[in-house]
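Commentary on secondary and tertiary structure
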Amino acid sequence: MERRKFIQSILTASAVAMVATPNQLMAEEAKKEAKAEAKTDTPALKGPNDLTLEEAIKVITGGKEVKKSDKIKLTVPEIAENGAVVPVKVLVNHPMTEKESVKAIHVLNTANGNTRCVDVLLTLANVEAYFATRIKLSQTQEVMALVELSDGTFINTAKSVKVTIGGCG
Amino acid sequence: MRKLLLPLALMLTVATAGEQFAMSDADKKMYEEMQENNPADIFVDAGSEELEDNLGGEEALQNFLNVSEKELPKYIAGFPRYITKLDNVVGIDQVLQAMQVEQGKKRTSLNEEPITIMSAYVKSLANDELVNIDINENKEMKASYDLGKIIYEKVRGKRGLSCKSCHSKAVKGLSLRTQTLPRFGEAGTGATWPAYRMTKSKMRTIQQRFQGCMEDSIHTVLPLGSKEMVALEVYITNESKNEKKIIAIPGLKR
Amino acid sequence: MAEKRKAMVKIKPKKFKVGDTVKVDFIVIHPMDTGMAKDKETGKIIEAHYIDNITFSFDGKPFTTMKVWESVSTNPYFSIKYKVTGKGKITVDYTDNKGEKNSKSKKVKPKA
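Just so you know, these numbers come straight off a predicted model, no measurement behind them.

**So, the overall build of chain C**
Helix and strand counts for chain C stand at zero helices and seven strands. The order of helices and strands in chain C, counted from the N terminus, is β-β-β-β-β-β-β. Overall size of chain C, expressed as C-alpha extent along the three principal axes, is 60 × 25 × 20 Å. Per-residue burial over chain C gives 49% buried out of 112 residues. Within chain C, contacts between residues separated by at least 24 positions form 57% of all contacts whose residues are at least 6 apart in sequence. Accessible surface for chain C amounts to roughly 5600 Å². Of this, 51% is attributable to carbon and sulfur atoms. For chain C, the separation between the mean place of its 25 positive charges and that of its 13 negative charges on side chains is 12 Å.

This is the structure in structure tokens:
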């Protein structure tokens, strides 16, 4: 008797209805709609990172010229399985010596409300101009690696990431 | 008639979407690399602390299950199991909850973080073991497996779908709105949950994941720890056993 | 006093010598809220709460600093390379936009 009570007190009741009743269905549909609304209805808040790509680049470079360069190896997925966690890897094929080095790697996106992602200031102790992180992408857009070299020049490269929404659950 | 057409239409969408959006090998590699730095590792550590501080650690777990330290990993690799003490087939999460009750501690719901992270830690003790759930161990396990198979194949809900409708070889491209639909055995589902869900930024157990899928396929959501939900977990975990999957907790999922 | 945040500092590979270049990985549990999302239940804006600065140091000497913005994922991950100069400790100090200060260290134990 005691044992049965003990067990009953622990375990959850078994699922009674395996087929949804009309009321339950409607309630679930309504809940889904409310969820969808809450997601799309974002407010227009302008913070210090709410810049266009051009503005963000200008802030970082001070208006200097930026040259596209294939020295920068930017690795991002072609298709991001989800927009919440998008892996980004940057490796600059450039010396890291007293004479010449990579000063900074800046990661930016083109369509989030927050354009700048990370600014990494390297030193010679890093030995390699390497940086990896994971960013949020609100929609399909480009990710840019903007690199500052020790001689004061800037180079960059960008890649498009297809952000998928959907799936189930 | 309408009920028949819906699944067909869905099948077509699923079939055509799949090939265009199949993950490239380079992309797959990036996602695999992420496993090495899984935020879940931090939660699993926290689960270990939680178990130690509040329930007496692995020793208390061994005592509750009546299993030696040496036997524990392989024993954990066999969950969900029939536990005589509880006279039911249960998951690791329910064992932890039972320990809370037995020790007179506050009982946390199966949906709350303490149970989820402790479940992840406990299952990680079986890492590198083969999934070895035994559906023929006793009549209770057999009954649970049979029930799980029925639920997996049962067409229910507004869309006229069963789990099998989408998660089977019959579905070409195996992708639903660009997301991969795992075939549970091959994907090692039974071996890689609890996992960190990137879209939720949280640890989730397999049953919690089932609930998400049920919501989206417009099925009545089965309660965590219910006989039916455990049965479904038994069925799905057994698929991974058939594919000789090795336990690797915590997983990293979309 | 800032709440104790959970974080991890990892060095890869596990075995290395003085002079080797290793990978330093840092993961931290942090919401990284952008301040643009609404709470699904209350409908109110979730305040921006994100890590904004990180400093990696070896035995107190900084070797990499980062300025971090809202677009980084929740429970973020950061990875850089570092040349091992000897036995010591790598410390990651990080702050967030709400003024929280935290730190996580990892001992550096080269084989030779």
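There is more to say, and it comes next.
**Side note on the overall build of chain B**
If you tally the helices and strands in chain B, you get twelve helices and seven strands. Excluding contacts between residues fewer than 6 apart, the proportion of contacts in chain B whose partners are at least 24 apart in sequence is 67%.

**What to know about helix α3 (residues 40–55) of chain B**
The end-to-end C-alpha separation of α3 of chain B is 21 Å, in line with the 22 Å expected for 16 residues at 1.5 Å each. Residues of α3 of chain B that are buried: Ala40, Asp41, Ile42, Phe43, Val44, Ala46, Gly47, Leu51 and Leu55 of chain B.

**Here we look at the environment of Glu233 of chain B**
Residues and elements named next belong to chain B. As for its placement among the helices and strands, Glu233 is situated in helix α12 (residues 227–242). In the structure, Glu233 is positioned 92 residues away from Met141 in sequence and 12 Å away in space, judged by C-alpha atoms. Excluding its chain neighbours within four sequence positions, the residues that come into contact with Glu233 are Pro80, Ile206, Gln207 and Phe210.

**A short note on the packing of α3 of chain B against helix α7 (residues 113–124) of chain B**
All names here are of chain B. One way to put it is that α3 packs onto α7 with a least axis distance of 7 Å and a crossing angle of 100°. Here α7 runs roughly perpendicular to α3, going by the angle between their axes. Two secondary-structure elements touch here, α3 through Phe43, Val44, Ala46, Gly47, Ser48, Glu50, Leu51 and Leu55 and α7 through Glu113, Pro114, Ile117, Met118, Ala120, Tyr121, Val122 and Ser124. Tallied by class, the residues present in the contact of α3 with α7 amount to eleven nonpolar, three polar and two charged.

**Structural notes on the pairing of strand β6 (residues 88–96) of chain C**
Residues and elements named next belong to chain C. In this sheet, β6 lies alongside strand β3 (residues 51–58) in antiparallel orientation, the contact comprising seven bridges. Of the residues in β6, the one forming a bridge with Thr55 is Asp93. Hairpin geometry of β6 and strand β7 (residues 101–108) is characterised by an intervening segment of four residues between the two adjacent antiparallel strands and by a positive phi of about 90° at Gly99.

**Description of the nonpolar core**
The biggest cluster of nonpolar side chains holds 125 residues, and the ones touching the most others in it are Leu65 of chain B together with Phe26, Ile54 and Met66 of chain C. The greatest single-element share of this core, amounting to seven residues, is contributed by α3 of chain B. In this structure Leu65 of chain B touches Leu72, Tyr75, Ile76, Phe79, Ile83 and Val95 of chain B, once residues within four positions along its chain are discounted. Judged by nonpolar contacts, the second largest core, of eight residues, contains Ile57, Met144, Leu146 and Phe154 of chain A.

**Quick word on the environment of Glu47 of chain C**
All names here are of chain C. Within the element layout of this structure, Glu47 appears in the loop between β2 (21–28) and β3. Taking C-alpha positions, Glu47 is 8.3 Å from Ala37, a pair spaced ten residues apart along the chain. Not counting residues up to four positions away in its chain, the partners in contact with Glu47 are Asp33, Gly35 and Lys98.

**Section: helix α11 (residues 206–216) of chain B**
Residues and elements named next belong to chain B. Within α11, nine of the eleven residues are buried, leaving the element largely enclosed by the surrounding structure. Within the sequence span of α11, burial applies to Ile206, Gln207, Gln208, Arg209, Phe210, Gln211, Gly212, Met214 and Asp216. Looking at the residues trailing α11, positive phi occurs at Ile218, about 55°.

**Observations concerning the packing of α3 of chain B against helix α4 (residues 57–65) of chain B**
Pairs of packed helices are described in terms of their axes, by the angle between the two and the distance that separates them. All names here are of chain B. Between α3 and α4, the least distance of the axes is 7 Å, while the angle of their chain directions is 70°. Regarding the angle of α3 to α4, the classification is roughly perpendicular. Along the contact surface, α3 presents Leu51, Glu52 and Leu55, while α4 presents Gly57, Glu58 and Ala60. Residues that form the contact of α3 with α4 fall into these classes: three nonpolar, one polar and two charged.

**A closer look at the interface of chain C and chain B**
Counting from both sides, the interface comprises 13 residues of chain C and, opposite them, eleven residues of chain B. Of the roughly 950 Å² buried between chain C and chain B on both sides combined, carbon and sulfur atoms contribute 62%. At the boundary of chain C with chain B, the tally comes to one salt bridge. Its salt-bridge partner being Lys10 of chain C, residue Asp41 of chain B comes within 3.4 Å of it at the nearest N-O pair. Our count for the contact surface shared by chain C and chain B stands at four residue pairs in polar contact (both at pLDDT 80 or more). Every element with two or more residues in the side of chain C that touches chain B is listed here: β1 (7–12) and β2 of chain C. Each residue belonging to the side of chain C that touches chain B can be placed in one class, and the counts come to six nonpolar, two polar and five charged.

**Considering the sheet that holds strand β7 (residues 129–135) of chain A**
The six strands lie next to each other as β2(A)-β4(A)-β7(A)-β5(C)-β2(C)-β1(C), forming an open sheet whose pairing is antiparallel. Single-partner strands in this sheet number two, and they are β2 (72–75) of chain A together with β1 of chain C. In this sheet, adjacent strand axes meet at a mean angle of 15° when their direction is disregarded. The pairing of β2 of chain C with strand β5 (residues 77–83) of chain C spans seven bridges and is antiparallel. Across the sheet, the residue bridging to Ile27 of chain C is Tyr77 of chain C, located in β5 of chain C. Here helix α2 (residues 25–34) of chain B sits on the sheet in contact with β2, β4 (86–92) and β7 of chain A, set at roughly 100° to β4 of chain A.

Criteria and cut-off values
Residues numbered from 1 in each chain as written. Chains lettered and ligands numbered in written order. Predicted model: local features only at pLDDT ≥ 70, side-chain atom pairs only at ≥ 80, totals over all residues. Heavy atoms only, no water. Helix = DSSP H or I, 4+ residues; strand = E, 2+ residues; numbered from the N terminus. Buried < 20%, exposed > 50% of the residue type's maximum accessible area, 1.4 Å probe, protein only. Contact = heavy atoms within 4.5 Å. Areas by Shrake-Rupley, 256 points an atom, 1.4 Å probe, with all protein chains shown as cover. Lys, Arg positive; Asp, Glu negative; His and termini not counted. Charge placed at Lys NZ, Arg CZ, Asp CG, Glu CD. Expected span 1.5 Å × (residues − 1). Axes fitted to C-alpha atoms, helices over the stretch in contact; angles between N-to-C directions. Parallel < 35°, antiparallel > 145°, perpendicular 65-115°, else oblique. Nonpolar A, V, L, I, M, F, W, Y, C, P; charged D, E, K, R; others polar. Pairing = 2+ DSSP bridges. Core = buried A, V, L, I, M, F, W, Y, C linked by side-chain atoms within 4.5 Å. Buried area = accessible area lost by both parts, 1.4 Å probe. Salt bridge = Lys/Arg side-chain N within 4 Å of Asp/Glu carboxyl O. Polar contact = N/O pair within 3.5 Å; in protein donor to acceptor, adjacent residues only side chain to side chain.

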